[in-house]
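Fold and contact review
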Amino acid sequence: MIVENHMQQLVARYPDLEICTPDIIAAFQLCAEAFHTGRKMLLCGNGGSASDCDHIAGELMKGFLSRRPVPLSFRGSLIQEWDEREGDYLADHLQQALPAISLTNHAALITAYANDVDPEMIFAQQVYGYGKKGDVLLALSTSGNSSNVLRAVQTARAIGMSTIGLTGKQGGRLKELCDVTISVPWERTPDIQERHLPIYHILCTMLEREFFG
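This is a predicted model, so every value here is computed, not measured.

**Some thoughts on the pattern of salt bridges**
One pass over the full model with this rule turns up nine salt bridges. Between Glu 194 and Arg 195 there is a salt bridge whose closest N-O contact spans 3.6 Å. Judged by relative accessible area, which is 14%, Arg 195 ranks as buried. Each of Asp 16, Glu 194 and Arg 195 takes part in one network of salt bridges that share partners.

Here is the structure:
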C-alpha cells in the first residue's frame, strides 16, 4: 500500500511518468532486496547523469526525509569505547545509511584507467573491484548507449549483481542488458534528465520508509 501511495503521488505530479510505475516498483524491490541482505548499491553515469549518481548516493547515505538516528545498541558501543560525552556526541551526529557508492568521483583512478587502459572501462573496473554478488548497479544513460555504462552493466551481470537502468524513451542497449529499465517517455536529454530526478527521489523516499520508517 505504501508503494502504491508513493506511485500515486508521483503520477499526480508527473502524469507522463505513469507508464514507468511498474518498472519503478520493480527497481525499488531489487534495491530493497539488496539492502535487506547487507549488500550495497553502485552507481554510474556521465555528465549530468554523473551528478545524479552523486545526488542519489547522498540521499541514501544520510537522512533524506527522516533523521535516521543510530540504534541504541550502537550508541552504547560508542559510549563504551570512548566515554559518555564523546559517545553521545558521535551518536547524536551519525545517521543510519543505505550503502551507496557513486563511481563517478574517483578522479585519479578514472583518469589513470582511461589513460593507461581504456576509457570505455572506467566504470567496469570499479564494478569489478567493488561489486559483490547480490549488490545492485544503478546505471544512468539518457541515450541508453553510453559505452562505459554498458561495460559496467556487463561486468555487474557476470558478478551476479542486479542491474537497473535509468534512461530515455528509446532505451538503447541498456534496456536489453538490465534486469529492470526505467525508460522515461522523452527523447531530448534535458527532458529525460528532468524526469529522472523525481524518479530517483521517489525511490530514495520509498527505501528510506522501508528501512527507517
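Past the structure itself, the notes keep going.
**Some points on the side chain of Thr 104**
Relative to the helices and strands, Thr 104 resides in the loop between β2 (100–102) and α6 (107–116). At a separation of 3.0 Å, a polar atom in the side chain of Thr 104 contacts the side chain of Asp 54. Polar contacts involving the side chain of Thr 104 include one to the side chain of Ser 102, which spans 2.8 Å.

**Section: the UniProt feature "domain: SIS" (unreviewed entry) in the protein chain**
With numbering aligned to this structure, UniProt lists the feature "domain: SIS" (unreviewed entry) at residues 31–213. Note that residues 31–213 is 56% helix and 12% strand, and that its end C-alpha atoms are spaced 16 Å apart.

**Let's talk about the environment of Pro 119**
Note on placement: Pro 119 falls in the loop between α6 and α7 (122–130). When its relative accessible area of 48% is taken as the criterion, Pro 119 is described as partly exposed. It is 7.3 Å that separates the C-alpha atoms of Pro 119 and Asn 148, two residues lying 29 residues apart in sequence. Ignoring anything within four residues of it in the chain, the contact list for Pro 119 reads Tyr 113, Ala 114 and Asn 148.

Each value, and the rule that gives it
Residues numbered from 1 in each chain as written. Predicted model: local features only at pLDDT ≥ 70, side-chain atom pairs only at ≥ 80, totals over all residues. Heavy atoms only, no water. Salt bridge = Lys/Arg side-chain N within 4 Å of Asp/Glu carboxyl O. Buried < 20%, exposed > 50% of the residue type's maximum accessible area, 1.4 Å probe, protein only. Helix = DSSP H or I, 4+ residues; strand = E, 2+ residues; numbered from the N terminus. Polar contact = N/O pair within 3.5 Å; in protein donor to acceptor, adjacent residues only side chain to side chain. UniProt positions renumbered as here; feature names shortened; annotations may be inferred. Contact = heavy atoms within 4.5 Å.

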